[in-house]
Amino acid sequence: RAFTEEQEALVLKSWNSMKKNAAELGLKVFLRVFEIAPSAKKLFSFLRDSDVPLEQNPKLKAHAMTVFVMTCESAVQLHKVGKPSVRESNLKDLGTTHFQYNVVAEHFEVVKFALLEIIKEAVPEMWSPEMKSAWGEAYDQLAAAIKSEMKPQV
Ligand code: HEM
């Protein structure tokens, strides 16, 4: 199913109003993830080795922000070229890293759930079933692209 211009517009419209807070919102996504799945904290080396409180961890913020930004970029590329924006080589690295750190399909599902919740809370006046499915699809396609590269490096 094609990712339509309308879906791209819904993602971009909400992104425009969230991007100034993207770091904070991204962090909220992962704090929600850890509420739902506390064991997911153990995946992140920089959380295991750190004395800094979770909410102040710069690397957690950076990862959270990346997930947010890449999902948004994925929406644009999905409409333009029919697949997520990640270059082949980056995709391989992303797949390898997530594989090595024992990320599994369920983790991608929890992050999706939390991401959609936080967007809904951030832009309640814009939120709609259409917006939810546009973000959801952009995320799913990006996650699928990463998962397809999740195998040991040869
Ligand atoms: C690392 C992006 C989903 C856990 C990374 C890196 C990027 C990234 C860019 C750094 C890559 C590198 O160092 O080679 C994304 C994107 C996602 C996603 C775009 C979804 C669309 C997830 C999920 C989890 C996760 C669902 C687990 C809940 C991790 C872990 C690392 C990582 C554990 C390694 C962190 C460390 O250095 O300790 N991710 N990620 N990611 N990601 Fe993700």
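Thresholds applied
Residues numbered from 1 in each chain as written. Predicted model: local features only at pLDDT ≥ 70, side-chain atom pairs only at ≥ 80, totals over all residues. Heavy atoms only, no water. Helix = DSSP H or I, 4+ residues; strand = E, 2+ residues; numbered from the N terminus. Buried < 20%, exposed > 50% of the residue type's maximum accessible area, 1.4 Å probe, protein only. Contact = heavy atoms within 4.5 Å. Areas by Shrake-Rupley, 256 points an atom, 1.4 Å probe, with all protein chains shown as cover. Lys, Arg positive; Asp, Glu negative; His and termini not counted. Charge placed at Lys NZ, Arg CZ, Asp CG, Glu CD. Core = buried A, V, L, I, M, F, W, Y, C linked by side-chain atoms within 4.5 Å. Near = heavy atom within 4 Å. Polar contact = N/O pair within 3.5 Å; in protein donor to acceptor, adjacent residues only side chain to side chain. Nonpolar A, V, L, I, M, F, W, Y, C, P; charged D, E, K, R; others polar. Axes fitted to C-alpha atoms, helices over the stretch in contact; angles between N-to-C directions. Parallel < 35°, antiparallel > 145°, perpendicular 65-115°, else oblique. Left-handed = near helix turned anticlockwise from the far one by under 90°. Donors = N, O, S within 2.8 Å, 3.2 Å for Na, K, Ca; no water. Tetrahedral: all angles 85-135°; square planar, octahedral: opposite > 155°, others 65-115°.

Describe the overall build of the chain, and please don't skip the residues or the numbers.
Counting its secondary structure elements, the chain contains seven helices and zero strands. Going residue by residue from the N terminus, the α and β elements of the chain occur as α-α-α-α-α-α-α. Each principal axis of the C-alpha atoms in the chain carries an extent, and together these give about 45 × 40 × 25 Å. Looking at the chain as a whole, 44% of its 154 residues are labelled buried. In the chain, the share of contacts with a sequence separation of at least 24, taken over all contacts with a separation of at least 6, comes to 77%. As presented, the chain carries roughly 8,700 Å² of accessible surface, and 55% of it is formed by carbon and sulfur atoms. Counting 20 positive and 20 negative side-chain charges, the chain places the centres of these two groups 2 Å from one another.

Quick rundown of the nonpolar core? Include the residues and the values.
Membership of the largest hydrophobic core comes to 48 residues, with the highest contact counts inside it found for Phe30, Val33, Phe34, Phe68 and Trp135. The dominant element in this core, judged by the number of residues it contributes, is helix α7 (residues 129–148), at nine residues. When sequence neighbours within four positions are dropped, the list of residues in contact with Trp135 reads Leu10, Val11, Ser14, Trp15, Met18, Phe68, Thr71, Cys72, Leu116 and Ile119.

Give me the lowdown on the site of the ligand, citing residues and values where you can.
Residues in contact with the ligand amount to 19 residues; listed here are only the nearest, Ser45, His63, Thr97, His98 and Tyr101. Within the side chain of Ser45, a nitrogen or oxygen atom sits 2.5 Å from an oxygen atom of the ligand. Between a nitrogen atom of the ligand and a side-chain N or O atom of His98, the distance comes to 2.8 Å. Going through the elements one at a time, α3 (45–48), α4 (58–81), α5 (88–100), α6 (105–122) and α7 are the ones with two or more residues in the shell around the ligand. Tallying contributions element by element places α4 first for the shell around the ligand, with four residues. For the shell around the ligand, a count of residues per class yields 13 nonpolar, six polar and no charged.

Could you give an account of the packing of helix α1 (residues 5–18) against α4, naming the residues involved and the relevant values?
At a closest axis distance of 9 Å, the pairing of α1 and α4 adopts a crossing angle of 155°. What the angle tells us is that α1 and α4 run roughly antiparallel. Between α1 and α4 the crossing geometry is left-handed. Contacts from Glu5, Glu8, Val11, Leu12, Trp15 and Met18 of α1 reach α4 at Phe68, Val69, Cys72, Ala75, Val76, His79 and Lys80. Partitioned by chemical class, the residues of the contact of α1 with α4 number nine nonpolar, one polar and three charged.

Go over the coordination of the iron atom of the ligand with me, naming the residues and quoting the values.
Bound to the iron atom of the ligand are the protein donor atoms His63 (NE2) and His98 (NE2), situated 2.0 Å from the metal. For the iron atom of the ligand, the six donor atoms are set out with angles of 88 to 179° between them, so the coordination reads as octahedral. Highlighted residues: His63 in helix α4 and His98 in helix α5, separated in sequence by 35 residues.

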